[in-house]
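# Structural characterization, general
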Amino acid sequence: MVITAKQEALVVSSWNEMKDDAPTFALKFFLRLFEIIPSAAKRFSFLRDSTLPLEKNPKLKAHAMSVFVMTCEAATQLRKTGRVNVGANTSVPHLASVHFKAGVADVHFEVLKFALLETIKEAVPYMWSEELKEAWSESYDHLVAAIKSEM
Ligand code: HEM
């Protein structure tokens with residue numbers, strides 16, 4: 001198994017603590033990505049065409065939530081099947097194609113991971129540990145590796 005039962009439990013229990021405010025946290029880590037790499041926002045068609053402030057853009061929030069939920073769910077799938085499954089509404093090849101066409105690069109995935117972990121640390125400081133960080137990192141890395149392998 002690529003993820004241990006303990007790692008899955010850490011991801012799921014911290015997600016349960018965060019889920020009521022998950023859209024706010026998800027948006028936060030995307031805004032952090034744009035602080036570090038401002039040009040990343042231009043990859044999104046709906047940000048290029050919008051006059052709304054980033055933090056008010058519902059499509060950005062929805063994308064951020066997809067990342068958060070898919071990373072969390074990857075932990076359970078990896079534990080159960082050893083593989084990432086992105087759900088019935090999409091597929092890994094489709095996600096790879098969308099990200100490839102939008103010009104999403106390794107550095108975007110790397111910085112997003114950093115921002116995600118930083119946000120989790122701020123959201124649940126009382127649960128934060130190296131093990132929790134590793135557990136979320138493993139889930140994210142496998143999800144991204146699956147997408148990148150098809151890009
Ligand atoms: C689109 C997930 C990371 C930029 C999407 C979509 C999903 C998704 C579900 C919608 C696909 C569709 O249109 O059917 C993920 C996941 C990620 C991730 C799970 C990481 C684990 C990133 C990163 C960037 C990014 C790091 C960097 C900027 C985009 C862009 C689109 C997109 C530009 C197309 C949006 C548009 O213009 O319509 N992503 N994403 N994604 N994602 Fe990601």
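Residues numbered from 1 in each chain as written. Predicted model: local features only at pLDDT ≥ 70, side-chain atom pairs only at ≥ 80, totals over all residues. Heavy atoms only, no water.

### Description of the UniProt feature "domain: Globin" (unreviewed entry) in the protein
How we decide: UniProt positions are given in the numbering used here, feature names are shortened, and annotations may be inferred rather than shown by experiment. Helix numbers and strand numbers start at the N terminus; a helix is a DSSP run of H or I with at least 4 residues, a strand a run of E with at least 2.
In this structure's numbering, the residues bearing the UniProt feature "domain: Globin" (unreviewed entry) are residues 2-151. Along residues 2-151 one finds 70% helix and 0% strand; the C-alpha atoms at either end are 22 Å apart.

### Comments concerning the coordination of the iron atom of the ligand
The test is simple: Because no water is among the atoms considered, metal sites can look incomplete, with donors defined as N, O and S atoms within 2.8 Å of the metal, or 3.2 Å for Na, K and Ca. Labels for metal geometry use angle windows, namely 85 to 135 degrees for all angles of a four-donor tetrahedral site, and for square planar (four donors) or octahedral (six donors) sites opposite donors over 155 degrees apart plus all others within 65 to 115; sites meeting none of these are irregular. Working definition: with a 1.4 Å probe on protein chains only, accessible area under 20% of the residue-type maximum means buried, over 50% means exposed, and in between means partly exposed.
Surrounding the iron atom of the ligand are the protein donor atoms His63 (NE2) and His99 (NE2), which sit 2.0 Å from the metal. Around the iron atom of the ligand sit six donor atoms; with metal-centred angles ranging over 82 to 179 degrees, the donor geometry is octahedral. Taken together, the residues histidine 63 in helix H4 (residues 58-81) and histidine 99 in helix H5 (residues 92-101) connect sequence positions 36 residues apart. Exposure remark for histidine 99: the relative accessible area of 15% places this residue in the buried category.

### Remarks on the pattern of salt bridges
We count it as follows: What makes a salt bridge here is a side-chain nitrogen of Lys or Arg within 4 Å of a carboxyl oxygen of Asp or Glu, nothing more.
Overall, the coordinates contain six salt bridges when judged by the stated rule. Lysine 148 is the partner of aspartate 106 in a salt bridge, and the nearest nitrogen-oxygen pair spans 3.2 Å. Separated by 42 residues along the polypeptide, aspartate 106 in helix H6 (residues 106-123) and lysine 148 in helix H7 (residues 130-149) bring together distant segments of the chain. By relative accessible area, which is 46% here, aspartate 106 ends up partly exposed. Classification of lysine 148 as partly exposed rests on a relative accessible area of 30%. A salt bridge links aspartate 141 to lysine 113; its shortest N-O distance comes to 3.0 Å. Highlighted residues: aspartate 141 in helix H7 and lysine 113 in helix H6, separated in sequence by 28 residues. For aspartate 141, a relative accessible area of 33% puts it in the partly exposed group. Where salt bridges share partners, they join Arg32, Glu35 and Glu118 into one cluster.

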